[in-house]
Amino acid sequence: MEARHSALCAEEAEDAVKELRAELAKAGIILPSRGLDPVSLVREAPCPLVESARRSPRTDRRLAAVQR
């Protein structure tokens, strides 16, 4: 049961990253380093976190504008 839960968590996290990447691309925003946090994948029962991309202040301002 725990392995199945971990697999579902990883799948959900990967889908969320893909979904956000696609939506941001529509707004012309590319975050190449966005992905799953590798440290959260090595836990006994992994349920990965999404790692936020390293980005410039300009990109942060564009993200804020999209969210408004």
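Residues numbered from 1 in each chain as written. Predicted model: local features only at pLDDT ≥ 70, side-chain atom pairs only at ≥ 80, totals over all residues. Heavy atoms only, no water.

Trainee: In this structure, what is going on with the side chain of Ser40? I would like to understand it.
Mentor: On the secondary structure map, Ser40 appears in helix H2 (residues 38-41). What makes Ser40 buried here is its relative accessible area of 4%. A polar contact of 2.8 Å, which involves the side chain of Ser40, links it to the backbone oxygen of Asp37. A polar contact is formed between the side chain of Ser40 and the backbone nitrogen of Leu49, at a distance of 2.9 Å. Not counting residues within four places of it along the chain, the set of residues in contact with Ser40 comprises Pro46, Cys47, Pro48 and Leu49. (Helix = DSSP H or I, 4+ residues; strand = E, 2+ residues; numbered from the N terminus. Buried < 20%, exposed > 50% of the residue type's maximum accessible area, 1.4 Å probe, protein only. Polar contact = N/O pair within 3.5 Å; in protein donor to acceptor, adjacent residues only side chain to side chain. Contact = heavy atoms within 4.5 Å.)

Trainee: In this structure, what is going on with the state of the cysteines? I would like to understand it.
Mentor: Disulfide: a covalent bond connecting the sulfur atoms of a pair of cysteines. One pass over the structure, following the stated rule, counts 1 disulfide. Through a disulfide, Cys9 is tied to Cys47; the S-S separation comes to 2.2 Å. Between Cys9 and Cys47, the S-S torsion sits near -75°, and that sign places the bridge as left-handed. Of this pair, Cys9 sits in helix H1 (residues 2-26) while Cys47 sits in the loop between H2 and strand S2 (50-51), and the two are 38 residues apart along the sequence. Judged by relative accessible area, which is 27%, Cys47 ranks as partly exposed. (Disulfide = S-S within 2.5 Å.)

Trainee: Can you walk me through a nonpolar patch on the surface in this structure?
Mentor: Among the surface-exposed residues, Val39, Leu41 and Val42 lie close enough to one another that they form a single nonpolar patch of about 290 Å² accessible area. Mapped onto the secondary structure, Val42 falls in the loop between H2 and S2. Residue class for Val42 comes out exposed when judged on its relative accessible area of 68%. (Patch = residues over 30% accessible without salt bridge, like charges linked within 9 Å, V, L, I, M, F, W, Y side chains within 5 Å. Areas by Shrake-Rupley, 256 points an atom, 1.4 Å probe, with all protein chains shown as cover. Salt bridge = Lys/Arg side-chain N within 4 Å of Asp/Glu carboxyl O.)

Trainee: What am I meant to see in a negative patch on the surface here?
Mentor: A surface patch of like charges, here negative, comprises Glu11, Glu12, Glu14, Asp15 and Glu19. In this structure, Asp15 sits in helix H1. Judged by its relative accessible area of 40%, Asp15 falls in the partly exposed class. (Lys, Arg positive; Asp, Glu negative; His and termini not counted. Charge placed at Lys NZ, Arg CZ, Asp CG, Glu CD.)

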